[in-house]
Amino acid sequence: GAGVSQSPSNKVTEKGKDVELRCDPISGHTALYWYRQRLGQGLEFLIYFQGNSAPDKSGLPSDRFSAERTGESVSTLTIQRTQQEDSAVYLCASSPSGTWNNEQFFGPGTRLTVL
Amino acid sequence: GQQVMQIPQYQHVQEGEDFTTYCNSSTTLSNIQWYKQRPGGHPVFLIQLVKSGEVKKQKRLTFQFGEAKKNSSLHITATQTTDVGTYFCAPAGDSSYKLIFGSGTRLLVRP
């Protein structure tokens, strides 16, 4: 089966514009995670979905960031009024269930550049 | 919140030399996972450790979980150029679903 996919792979936008990043998890995976990775840095947790609910949004940096998920499928991360500090790779990961003993399967990421 | 320290930040070795990265926590961990991220790629799961003192091997890679479950290490014997990348430890966080990724150790291998 297919792995986690993300689109677009690259996004260049102007400061102040809104962007939408998409994640298609592995079919049947109930848990979905979004991370941000700045150049040369580690992974910064943003949000966790179990099914279509988000019990943990604690990592979203500001109210400009939001995410939703349709059922146990596609998720969209939206960044409004983008700022230059939003430039990073946004990684999505899914796992069979949201428990600590499941490995996370990562997508290839979306590289966001805010000019 | 829970934090982990990973050292060294990066290491440059000659092909054939050994390499070790360490992951340290101030709190007891329920489990720890390790991931590898190749340059330009995404993290890929390597292994999970659960038991105190656990040691697991994957070919030239040896993973250890400390007796007190507060630290872990990854050792690579006789590095190869294919080992290049960043190695992240990721212990389970305070919540059952969350991993806390360390800052990573970047490994460079001179051929």
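Attention here is on the structure that accompanies the text. (Residues numbered from 1 in each chain as written. Chains lettered and ligands numbered in written order. Predicted model: local features only at pLDDT ≥ 70, side-chain atom pairs only at ≥ 80, totals over all residues. Heavy atoms only, no water.)

1. Observations concerning the packing of aromatic side chains
Scanning the entire structure with this criterion turns up 12 aromatic pairs over all chains. Centre to centre, the rings of A:F106 and B:Y35 are 5.8 Å apart; their planes meet at 85 degrees, and the pair counts as edge-to-face. One end of the pair, A:F106, is in strand β10 (residues 105-106); the other, B:Y35, is in strand β4 (residues 32-37), on a second chain. B:Y35 matches A:F106 in its accessibility class, with the two residues each being buried. A centroid spacing of 6.0 Å and a plane angle of 80 degrees characterise the contact between A:F106 and B:F101, whose relative ring orientation is edge-to-face. Remark: B:F101 occurs in the loop between β9 (85-91) and β10 (105-110) and A:F106 occurs in strand β10; the pair is interchain, linking two chains. For the residue pair A:F106 and B:F101, the accessibility class agrees, reading buried in each case. An aromatic cluster is present here, built from A:Y33, A:Y35, A:F45, A:Y48, A:F106, B:Y35, B:F45, B:F88 and B:F101 joined pairwise through their rings. (Phe/Tyr/Trp six-rings, centres within 6.5 Å; stacked < 30°, edge-to-face > 60°. Helix = DSSP H or I, 4+ residues; strand = E, 2+ residues; numbered from the N terminus. Buried < 20%, exposed > 50% of the residue type's maximum accessible area, 1.4 Å probe, protein only.)

2. Let's talk about the sheet that holds strand β3 (residues 19-24) of chain A
All names here are of chain A. Spatial strand order, β1-β3-β8-β7: 4 strands in an open sheet with antiparallel pairing. Strands at the two margins of the open sheet, each flanked by one partner only, are β1 (5-7) and β7 (65-69). Pairwise comparison of adjacent strand axes, ignoring direction, gives a mean angle of 15 degrees for this sheet. Sheet topology places β1 next to β3; 3 bridges connect them, and they run antiparallel. When the sheet's bridge partners are listed, S5 is paired in β3 with D24. (Pairing = 2+ DSSP bridges. Axes fitted to C-alpha atoms, helices over the stretch in contact; angles between N-to-C directions.)

3. Remarks on the pattern of salt bridges
According to the stated counting rule, one finds 7 salt bridges over all chains in the structure shown. Here A:E44 and A:R36 are joined by a salt bridge, their closest N and O atoms 3.1 Å apart. Among the residues examined, A:R36 registers a relative accessible area of 5% and is labelled buried. With its nearest N and O atoms 2.9 Å apart, the salt bridge here joins B:D83 to B:R60. Placement of B:D83 in the loop between β8 (71-76) and β9 and of B:R60 in the loop between β6 (55-58) and β7 (61-65) is noted, with a sequence separation of 23 residues between them. A relative accessible area of 5% means that B:D83 is categorised as buried. (Salt bridge = Lys/Arg side-chain N within 4 Å of Asp/Glu carboxyl O.)

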